[in-house]
Amino acid sequence: MSTTIIEQHPLEPFLPLDTKVLLLGSFPPQRKRWSMNFFYPNFQNDMWRIMGLIFYEDPLHFVKGKRFDEVLVRQFCEDKGIALYDTAQAVIRQNNNASDKFLAVVTPVNLAHLLDSIPDCNIIATTGQKSTEILFSILAEGLEFDQPQSMPTIGTFVTFLYNQRSFRLYRMPSTSRAYPKSLKEKARYFATVLLTHNNQDAC
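Quick caveat: nothing in here was measured; it's all calculated off a predicted structure.

A. Structural detail: the overall build of the protein chain. Counting secondary structure elements, the protein chain contains five helices and 11 strands. On C-alpha atoms alone, the protein chain measures out to a radius of gyration of 16 Å, which is about the 17 Å that the 2.2 N^0.38 rule sets for 203 residues. Its C-alpha atoms give the protein chain principal-axis dimensions of about 50 × 40 × 30 Å. For the protein chain, restricting intrachain contacts to residue pairs at least 6 apart in sequence, the fraction spanning at least 24 positions comes to 64%. Accessible surface computed for the protein chain: about 10,300 Å², of which carbon and sulfur atoms make up 48%. Across the protein chain, the mean location of the 21 positive side-chain charges is 9 Å away from that of the 20 negative side-chain charges.

Next comes the structure, spelled out in structure tokens:
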């Protein structure tokens, strides 16, 4: 007889005091795929190569051997005011892998609590279709949110209100290697949000 395993999120939200941009994924991969104890830990995921390309013109800036340099990544996010978490707090992996397609959400993130913790933030960017879908279901069910009428297309944003705060919600491409866009194409989308709204210049 098969056993349904509910996985709880293994990481605490990373919320710098001066957060300007909140990046929300879906859920971390299985531990066996981690190269560091932080968000987007799979060495095959392109998130930290994208960040290296945008801010340092070097996709390998955060790479250390066959791993990401966790200390360097954390300090970078702290310095740039980039918060990270995911849209799901507890999930069931229906196919026992990292694919979002087979990820069943048991408990979504408490978005209101997350936003209350970062009062200077008014930009949210979802990284992929699944995280966007989960976030929209949270907005639809939460009475405290003035939800958008439609999902944004990749690279665009919609607005919503929470607690008298106005937010822009951007939809970014997935950083998974399985997503059919080049590293440079993905970086262009992320740069639009991170360089414009984080008031930072690439090195």
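B. Seen up close, the nonpolar core. Core analysis: the largest hydrophobic core is formed by 59 residues, its most contacted members being Trp-48, Leu-84 and Leu-115. No other element matches helix α1 (residues 47-56), which puts six residues into this core. Residues contacting Trp-48, with those up to four places away along its chain left out, are Met-36, Phe-38, Phe-39, Tyr-40, Pro-59, Phe-62, Phe-68, Val-73, Phe-76, Cys-77 and Leu-84.

Reading guide: rules and limits
- Residues numbered from 1 in each chain as written.
- Predicted model: local features only at pLDDT ≥ 70, side-chain atom pairs only at ≥ 80, totals over all residues.
- Heavy atoms only, no water.
- Helix = DSSP H or I, 4+ residues; strand = E, 2+ residues; numbered from the N terminus.
- Rg over C-alpha atoms; globule rule 2.2 N^0.38 Å.
- Contact = heavy atoms within 4.5 Å.
- Areas by Shrake-Rupley, 256 points an atom, 1.4 Å probe, with all protein chains shown as cover.
- Lys, Arg positive; Asp, Glu negative; His and termini not counted.
- Charge placed at Lys NZ, Arg CZ, Asp CG, Glu CD.
- Core = buried A, V, L, I, M, F, W, Y, C linked by side-chain atoms within 4.5 Å.
- Buried < 20%, exposed > 50% of the residue type's maximum accessible area, 1.4 Å probe, protein only.

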